[in-house]
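Close look at the chain arrangement
Each chain is listed here by its residues.
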Amino acid sequence: AGGPWVAVYSDKWPRGHRRVFVTANGHARLPGRFAIDWMKVDDHGRTLKDDAGLTASSFSYGAHVLAVADARVAAVRDGVTEAVRIADDKSHPHPDAAGNFISLDLGNGQFATYEHLRPGRIKVTKGSHVRRGQVIAEVGFSGDSTEPHLHFHVSDSPMPLEGEGLP
């Protein structure tokens, strides 16, 4: 809601989605192969309200995250903390790189995954059913992230870093 929102990706990023392979169950996987980071911007294309460098100064931070489809919640993690200042964010090794997340079972072996969610603001539990457009969480700054945004991808696993990304 609100906006505008921009879909962000650059193939020049050294750790961009299409470059981060993860080993899961003895196999190299590329979970973010088709992932997109969504960021809310102002009329001038800025992602932050001011130069304070605070997580809460992001236009994206605290925005509602909506279910993309009627689905069952396949996996949830909450409790990964966030830095108050963007510059103070530390590296989060696997498996915490995804931060707080929700994975929705779309059927046919496809799972929609939302990452970097705000701690304590996830509104669903594993096994619950959601409706398309339902508020399921808030955008946060948990896990490996350059600033608050919503990471979204579809893969063949309910665990964010264990699946192969699907188009």
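Just above, that's the structure.
Residues numbered from 1 in each chain as written. Predicted model: local features only at pLDDT ≥ 70, side-chain atom pairs only at ≥ 80, totals over all residues. Heavy atoms only, no water.

**Points about the overall build of the protein chain**
- Of the regular secondary structure elements, the protein chain holds zero helices and 12 strands.
- When its helices and strands are written in sequence order, the protein chain yields β-β-β-β-β-β-β-β-β-β-β-β.
- Its C-alpha atoms give the protein chain a radius of gyration of 15 Å, near enough to 15 Å, the size a compact globule of 167 residues would have.
- C-alpha atoms of the protein chain, sized along the principal axes, occupy 45 × 35 × 25 Å.
- Counting all 167 residues of the protein chain, 46% fall into the buried class.
- Of the contacts made within the protein chain by residues no fewer than 6 positions apart, 67% connect residues no fewer than 24 positions apart.
- About 8,600 Å² of surface is accessible on the protein chain, with carbon and sulfur atoms providing 52% of the total.
- Looking at the protein chain, you have 19 positive and 20 negative side-chain charges, and the mean spots of the two groups are 2 Å apart. (Helix = DSSP H or I, 4+ residues; strand = E, 2+ residues; numbered from the N terminus. Rg over C-alpha atoms; globule rule 2.2 N^0.38 Å. Buried < 20%, exposed > 50% of the residue type's maximum accessible area, 1.4 Å probe, protein only. Contact = heavy atoms within 4.5 Å. Areas by Shrake-Rupley, 256 points an atom, 1.4 Å probe, with all protein chains shown as cover. Lys, Arg positive; Asp, Glu negative; His and termini not counted. Charge placed at Lys NZ, Arg CZ, Asp CG, Glu CD.)

**Quick word on unusual backbone geometry**
- One non-glycine residue, Asn108, adopts positive backbone phi at about 55°.
- For Asn108, the position within the fold is in the loop between strand E7 (100-107) and strand E8 (110-117).
- By relative accessible area, which is 80% here, Asn108 ends up exposed.

**Digging into the side chain of Thr113**
- Mapped onto the fold, Thr113 is located in strand E8.
- Residue Thr113 is classed as buried on the basis of its relative accessible area of 0%.
- Not counting chain neighbours up to four residues away, the residues in contact with Thr113 comprise Ile102, Ser103, His151, Phe152, His153, Ser157 and Pro160.

**A word on the pairing of strand E6 (residues 71-77)**
- Of all seven residues in E6, five are buried, a share of seventy percent or more.
- In terms of strand pairing, E6 meets strand E9 (residues 129-130) through two bridges, oriented antiparallel. Each bridged residue has a counterpart across the sheet, and for Arg72 the counterpart in E9 is His129.
- Where E6 and E7 come together, five bridges link them in antiparallel fashion. In the strand pairing of E7, Ala75 is matched with Ser103. (Pairing = 2+ DSSP bridges.)

**Describing the nonpolar core**
- Judged by nonpolar contacts, the single largest core of 19 residues is most densely connected at Val65, Ile102, Leu104, Tyr114, Leu117, Val130 and Ile136.
- Elements with a minimum of two residues in this core: E6, E7, E8, strand E10 (135-138) and strand E11 (150-155).
- When neighbours within four sequence positions are excluded, Tyr114 is seen to be in contact with Val65, Leu66, Ala67, Val68, Asn100, Phe101, Ile102, Leu104, Ile136, Leu150, His151 and Phe152. (Core = buried A, V, L, I, M, F, W, Y, C linked by side-chain atoms within 4.5 Å.)

**Thoughts on the environment of Lys49**
- Relative to the elements of secondary structure, Lys49 occurs in the loop between strand E4 (36-40) and strand E5 (64-66).
- What makes Lys49 exposed here is its relative accessible area of 53%.
- In sequence terms Lys49 and Met159 are 110 residues apart; their C-alpha atoms lie 33 Å from each other.

**Side note on the environment of Gly165**
- With respect to the helices and strands, the residue Gly165 is situated in strand E12 (residues 165-166).
- By relative accessible area, which is 6% here, Gly165 ends up buried.
- Sequence separation of Gly165 and Arg33 is 132 residues, and the distance between their C-alpha atoms is 5.0 Å.
- Every residue in contact with Gly165, bar those within four places of it in the chain, is listed here: Leu30, Pro31, Arg33, Phe34, Val154 and Ser155.

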